[in-house]
Protein chains: 4
Amino acid sequence: MDSIMHKIKHRVFEIIQTAADDDKASKIFDIFIITLIMLNVVLVIADTFTLPYYIKYISRRLEVFSIIIFTIEYILRLWTSDMLYPQYGKFVSRVRYIFSFMALIDLFAILPFYAPLLIPIDLRALRILRMIRLLRIFKVSRYTNALSVVTSVLKNKSNQLISSVFVVALLMLISSVIMYNIENPAQPDVFINAFSGLWWAIATFTTVGYGDIYPITACGKVLSSVIALLGIGLVAVPTGIISAGFMEQIEQEKEEHTENKEKHFCPYCGERLD
Amino acid sequence: MDSIMHKIKHRVFEIIQTAADDDKASKIFDIFIITLIMLNVVLVIADTFTLPYYIKYISRRLEVFSIIIFTIEYILRLWTSDMLYPQYGKFVSRVRYIFSFMALIDLFAILPFYAPLLIPIDLRALRILRMIRLLRIFKVSRYTNALSVVTSVLKNKSNQLISSVFVVALLMLISSVIMYNIENPAQPDVFINAFSGLWWAIATFTTVGYGDIYPITACGKVLSSVIALLGIGLVAVPTGIISAGFMEQIEQEKEEHTENKEKHFCPYCGERLD
Amino acid sequence: MDSIMHKIKHRVFEIIQTAADDDKASKIFDIFIITLIMLNVVLVIADTFTLPYYIKYISRRLEVFSIIIFTIEYILRLWTSDMLYPQYGKFVSRVRYIFSFMALIDLFAILPFYAPLLIPIDLRALRILRMIRLLRIFKVSRYTNALSVVTSVLKNKSNQLISSVFVVALLMLISSVIMYNIENPAQPDVFINAFSGLWWAIATFTTVGYGDIYPITACGKVLSSVIALLGIGLVAVPTGIISAGFMEQIEQEKEEHTENKEKHFCPYCGERLD
Amino acid sequence: MDSIMHKIKHRVFEIIQTAADDDKASKIFDIFIITLIMLNVVLVIADTFTLPYYIKYISRRLEVFSIIIFTIEYILRLWTSDMLYPQYGKFVSRVRYIFSFMALIDLFAILPFYAPLLIPIDLRALRILRMIRLLRIFKVSRYTNALSVVTSVLKNKSNQLISSVFVVALLMLISSVIMYNIENPAQPDVFINAFSGLWWAIATFTTVGYGDIYPITACGKVLSSVIALLGIGLVAVPTGIISAGFMEQIEQEKEEHTENKEKHFCPYCGERLD
């Protein structure tokens, strides 16, 4: 009895986890869940439009249906989580699972539905979290590997990137206060306080330039020009860091690859060197 | 008789295909066709202006002339297509040719002219496809090689690029819905629905910033700032990936180049030195 | 007596300098000063808002408190500066310290407070300099190293970067004068003089494009298009230079690292193999 | 007599050419000319302002003075040009010099002054060319070398860059015609013809986004979004190409540097290998 239960549990675990190449049931499950997530994204977007009543009605039904499926999925994942962390006990592995990033997303994606039953707060805003569930698409291993290269490069270079960002942030902060002091007398309705200055600094540094806020005095224009030109550096420096990071990654892979090929032998005595 | 026919066909094939360096007829043909394509591009553009009657008249004549040439060219290419794929039979090679990318472009470029004769639909919009025919300029081998390097780098790195683009698209989608929810109460005429939010997200992420849509609430400005700064990453990450790709390409070429040179032999004792 | 004084001085020096890993007092001092600097940044920003009287009162008190601490800190740093440059005499090392970058920032950060006592000029603007003191955060060694890599790359490539910037500046200057001549007749209120042209050139080159100034004539639009496209190069060239700089840096580090490992010896006959 | 003349000529040649490190007269000449060029740039800019009469008067005097100096300089350069190309005859070397890039700039910079004496056309616009003379600053060898690295990288990669630019230009052309067709019915005053479309395409592709022209229909916004996102590639691809080019340059230099060090010797018979 126990053995059969265990077999079922193992099969459930196989299905809800990343699909093996020859596991049809698991693949169908994956496609079904991702389709349902995409449908929910469409629903969240559709909700911002004024739609006729019957579409709202269908939309609501589909949402209830999705939530039921997502809830079952969540419970199954929780149930089989001890197989995910075989090194821990049943209780520890479940707690670990509950507080893992994807599980929290999964929970917050279904919670707003049940919330009104428990507390009288409108948590519909949390429905947006269902969109984050789209990350499940990265189960497709090809893209997961590619993404993990990107994230590992960003992680390797994080110190350099953070340092650059900090200097940029400092520069923005300082220039926003200076700009406020320069422009406030000329256009007090636009540069109201240092936050207006910061809003301008970000729009200029990132070269977005909406055009809702810009200097009109000569002094302000000079400062703005300097900031805009430094903004080029804001792109160039992190790009350079990241490029170098990707190159390093490629060379490391190549070295690991050639390590086996590059075993040297002394051609005279035939012994393996190094 | 058959042999002469075959010789003619082979000559036609040589002429309409990429010109050999010493094939004057083929080169003249290439220049003639590209000139005609450029003329058609000018005609398509000129058509958007209000021009006097006699220019419209000339323009129409030139178009008819071009279409006749393009039709003859298309038929000749179709006729000689079995020489392009010598490994296949006559029929298979023609079907293959018809559904190749450039042949489809060629077909769509002449189709709108004949369409009214067959079906009562206005297909003039398809005339724009004639512009794509400008790609024939890449027959000049120097640029074809350069372009093929670019496309091969993009292809090698496509997994990484698609993954980054997917994360960015997700980020855009989520921020557009959040932004709609933040800004809609403050400016309901600008942030009408989630699509307005998406339009804003794209304008901000790509740092275009037309200025037709931007947040006015404090919350919205904070979100917008974050999105604009992440937009820098939107440039930096693919640039880094592509830079690394080009470097890898260069090193591969160099390795292939030096592979033959790098086999060292001691010229005195004749032994190969690793 | 003198020895005790020297010990106290050395301890003070240890505390105010970058903290050793196991020096708790020094770490607490660092955190305290950085917190105080951050508080001052908040005060400078808050000052741009219209706040109720009692907050202004508290803010003023906090400022006086900070200034006192910063003054004490400055005096202590000056006092112990002969330990920073042990190779120089007492007087020389103090003069060196006073004119070092960070010491000047420190001085200008406290000066505006004392200035009214000496001269009847409002130097409150200099309070902004207190924000630069945030650079003290870079005492955390991890980020200092990362930043020093960034600055060393920028320094190595400074000649190439300056040359590019000079060409760009020249291009901007020329195009601003040309643009003024083209657009002034059409919109004399917008393109008032060559400075308006320069303001437009910078907004276009850096792709900020606020939308307050842009050409409306056909000629002007053609020039603007060329400038905007060259603006892409403005990003691409320095980014390329900086990327290459980072790569060079990484390879240099690797070479230094492997230099010791790469001396091969045949362990059997003892001969060194190149 | 002839020998003295030749000596004078040689000395003049030394002075007006790039200064040797220990040639004071030549250095003073360089600084004098560059100062005069800068003064002229200031005059060209000042001319766009409405200035009081006496400044206009001084400005005119300074211009006359500069022109006289520039004319003398031009004549001296022409006179000594046979020393610049010693391999050619007197006449050929002078013709070569006259049609060299810098000499043409020099000529066009002084021509507008003499033009009214010859032909009744206003050539004042050519005064802008005097700004290009600022390129003479690159005589400072440090920056010349740096700039030559930049230009050699751009030259090496020109085929790839031109191919990318061509694809981008084609994409712009096509999208501008499509955009015109989409937006013209909705806002006929803004999207007047295909050129309006092209102006929009460039503003979007380069992410300048002035905000004077943007789509308002749903279709147009979708196309605009696609173009803006592809615009990211417009930056990423050339940046990647250029980065790789700089890296290649650095490695080549390194190889040339190490070539001498890397001469292999057979450690057994002592003979030089390779």
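Up top is the structure these notes are about.
Read on for an overview of the structure. Values in this document were obtained by computation on a predicted structure and should not be read as measured data. (Residues numbered from 1 in each chain as written. Chains lettered and ligands numbered in written order. Predicted model: local features only at pLDDT ≥ 70, side-chain atom pairs only at ≥ 80, totals over all residues. Heavy atoms only, no water.)

When the parts of a complex come together, some accessible area is lost, and that lost area is often used as the size of the interface. Counting from both sides, the interface comprises 53 residues of chain A and, opposite them, 45 residues of chain C. Both sides of the chain A and chain C interface together cover about 4,000 Å² of buried area, and 77% of this is carbon and sulfur. Inspection of the chain A/chain C interface yields zero salt bridges. Applying the counting rule to chain A against chain C returns seven residue pairs in polar contact (both at pLDDT 80 or more). Listed by contribution, the elements that provide at least two residues to the side of chain A that touches chain C are α9 (158-183), α10 (194-205), α11 (218-259) and β2 (272-273) of chain A. Considering each element in turn, the side of chain A that touches chain C owes the most residues, 18 residues, to α11(A). Here the side of chain A that touches chain C is built from residues that sort into 30 nonpolar, 15 polar and eight charged. (Contact = heavy atoms within 4.5 Å. Buried area = accessible area lost by both parts, 1.4 Å probe. Salt bridge = Lys/Arg side-chain N within 4 Å of Asp/Glu carboxyl O. Polar contact = N/O pair within 3.5 Å; in protein donor to acceptor, adjacent residues only side chain to side chain. Helix = DSSP H or I, 4+ residues; strand = E, 2+ residues; numbered from the N terminus. Nonpolar A, V, L, I, M, F, W, Y, C, P; charged D, E, K, R; others polar.)

Laying chain A over chain C is done by rotating through 90° and shifting 0.0 Å along the axis; what remains is an RMSD of 0.1 Å. What the rotation and shift describe, once combined, is the action of a four-fold rotation axis. (Least-squares fit on C-alpha atoms with pLDDT ≥ 70 in both.)

Looking now at the side chain of T207(D). The residue T207(D) is located in the loop between α10 (194-205) and α11 (218-259) in this model. With sequence-adjacent residues up to four places away left out, T207(D) is seen in contact with T207(A), T206(B), T207(B), V208(B) and T207(C).

Further remarks concern the environment of V153(B). Residues and elements named next belong to chain B. Here V153 shows up in helix α8 (residues 141-156). Relative accessible area serves as the criterion here: at 1%, V153 is assigned to the buried category. If sequence neighbours within four positions are ignored, V153 has contacts with I242, G245, F246 and Q249. (Buried < 20%, exposed > 50% of the residue type's maximum accessible area, 1.4 Å probe, protein only.)

All names here are of chain A. A surface patch of nonpolar side chains, amounting to about 640 Å² of accessible area, comprises L51, Y53, Y54, I55, Y57 and I58. Inspection of the secondary structure assignment puts I55 in helix α3 (residues 53-79). On the basis of relative accessibility, which here comes to 32%, the residue I55 falls in the partly exposed class. (Patch = residues over 30% accessible without salt bridge, like charges linked within 9 Å, V, L, I, M, F, W, Y side chains within 5 Å. Areas by Shrake-Rupley, 256 points an atom, 1.4 Å probe, with all protein chains shown as cover.)

Here the focus is empty space enclosed by the protein. Taken as a whole and judged by the stated rule, the model has five cavities of 30 Å³ or more. Counted as a void, the largest cavity has a volume near 210 Å³. Forming the boundary of the largest cavity are 20 residues, of which T207(A), V235(A), T207(B), T207(C) and T207(D) lie nearest the centre. Every element with two or more residues in the lining of the largest cavity is listed here: α11 of chain A, α11 (218-261) of chain B, α11 (218-259) of chain C together with α11 of chain D. Looking at the lining of the largest cavity residue by residue, the class counts come to eight nonpolar, twelve polar and no charged. (1 Å grid on protein atoms, 1.4 Å probe; cavity = no way out; pocket = protein on both sides within 12 Å on 5 of 7 lines; lining within 4 Å. Points joined across faces, edges and corners; volume = space filled by probe spheres on them.)

Right, let's talk about the interface of chain A and chain B for a bit. Tallying the contact residues gives 41 residues for chain A and 49 residues for chain B. Scanning the region where chain A abuts chain B turns up zero salt bridges. Here chain A and chain B share six residue pairs in polar contact (both at pLDDT 80 or more) between them. Elements supplying a minimum of two residues to the side of chain A that touches chain B: α2 (24-46), α7 (129-132), α8 (141-156), α10 and α11 of chain A. At eleven residues, α11(A) tops the list of elements feeding residues into the side of chain A that touches chain B. Among the residues making up the side of chain A that touches chain B, the classes are represented as 30 nonpolar, seven polar and four charged.

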